[in-house]
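As a plain string of letters, each chain reads:
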Amino acid sequence: LDGQHRARLVEGSRVVELGAGSGISGIFALKRWRGIKEYSFTDCHGKVLHNLGHNVERNCVGWSVVREEPLEMVSEDSGTVARVMELNWEEFGEDTKLEADIILGADIVFDPRLLPSLVKTLAILIRREAGCEAFLVCCVRNEETWQMFLGLLGQTGLGVNTSLLEGDSTTPVCMVQVSKL
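Below is a summary of the structure that appears in this document. (Residues numbered from 1 in each chain as written. Predicted model: local features only at pLDDT ≥ 70, side-chain atom pairs only at ≥ 80, totals over all residues. Heavy atoms only, no water.)

On to the nonpolar core. By size, the foremost hydrophobic cluster in this structure holds 32 residues, and its most contacted members are Leu18, Ile103, Leu118 and Phe149. Those elements that place two or more of their residues in this core are strand 1 (14–18), helix 4 (115–128), strand 7 (133–139), helix 5 (143–154) and strand 9 (173–179). Considering each element in turn, this core owes the most residues, eight residues, to helix 4. Residues contacting Ile103, with those up to four places away along its chain left out, are Val16, Leu18, Leu122, Leu125, Ile126, Cys132, Glu133, Ala134 and Phe135. Ranked by size, the runner-up nonpolar core spans 23 residues in total, among them Val15, Val56, Leu71 and Val84. (Core = buried A, V, L, I, M, F, W, Y, C linked by side-chain atoms within 4.5 Å. Buried < 20%, exposed > 50% of the residue type's maximum accessible area, 1.4 Å probe, protein only. Helix = DSSP H or I, 4+ residues; strand = E, 2+ residues; numbered from the N terminus. Contact = heavy atoms within 4.5 Å.)

Structure below.
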């Protein structure tokens, strides 16, 4: 998503990162792109969330802690709100309170058992907000898992665009963009 055109996508947006892990992608986004309205780092494991909160707090210098649990911070300069929150795709439903203009995910397509829940979560979030779209960067480690993911996305009736990213990885890396048709 780097580049000026893509950076403008996040201006004034509510960004939700699925499977944020250590938080490096989101921390980069908050430091690189000014004007993000809200950034929600999500994951579902307690130890991961604890470490994620620690990383966000340590790397967002000049931000004030609004709430400790779950962590919510605000930038003194821009007013951007960053939060770390639990999000279990298997429990996510229409009644879950979460809204996004942009959904990000990196390396979250790996467990075939979680793919139906991941795709359901994406579909609900994208259909919920006009103009919402998802950008996922995926390492294709297992072709069968990758094809299952694409097949499930295809069943949602959403627009899906995939492109192979160039680089020196021995494993194919693809960008998947998902939006309303």
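Now for the layout of surface pockets. Approximately 330 Å³ is the volume attributed to the largest pocket. In this structure, the largest pocket is lined by 13 residues; those nearest its centre are Asp43, His45, Trp89, Phe110 and Leu114. (1 Å grid on protein atoms, 1.4 Å probe; cavity = no way out; pocket = protein on both sides within 12 Å on 5 of 7 lines; lining within 4 Å. Points joined across faces, edges and corners; volume = space filled by probe spheres on them.)

Strand order in this open sheet of nine strands is 3-4-5-2-1-6-7-9-8, and the pairing throughout is mixed. Sheet topology places strand 3 (63–67) and strand 8 (159–164) at the edges, where each strand pairs with a single neighbour. Strand after strand, the sheet turns through a mean of 20 degrees between neighbouring axes, direction not considered. Sheet topology places strand 3 next to strand 4 (residues 72–75); four bridges connect them, and they run antiparallel. Bridge assignment links Ser64 to a residue of strand 4, and that residue is Val74. The strands that helix 2 (residues 24–32) touches are strand 1, strand 2 (38–43), strand 3, strand 5 (81–86) and strand 6 (102–106); relative to strand 2, the one it contacts most, it runs at about 175 degrees. Its contacts with the sheet put helix 3 (residues 46–59) on strand 2, strand 3, strand 4 and strand 5, and the angle it makes with strand 5 is roughly 170 degrees. (Pairing = 2+ DSSP bridges. Axes fitted to C-alpha atoms, helices over the stretch in contact; angles between N-to-C directions.)

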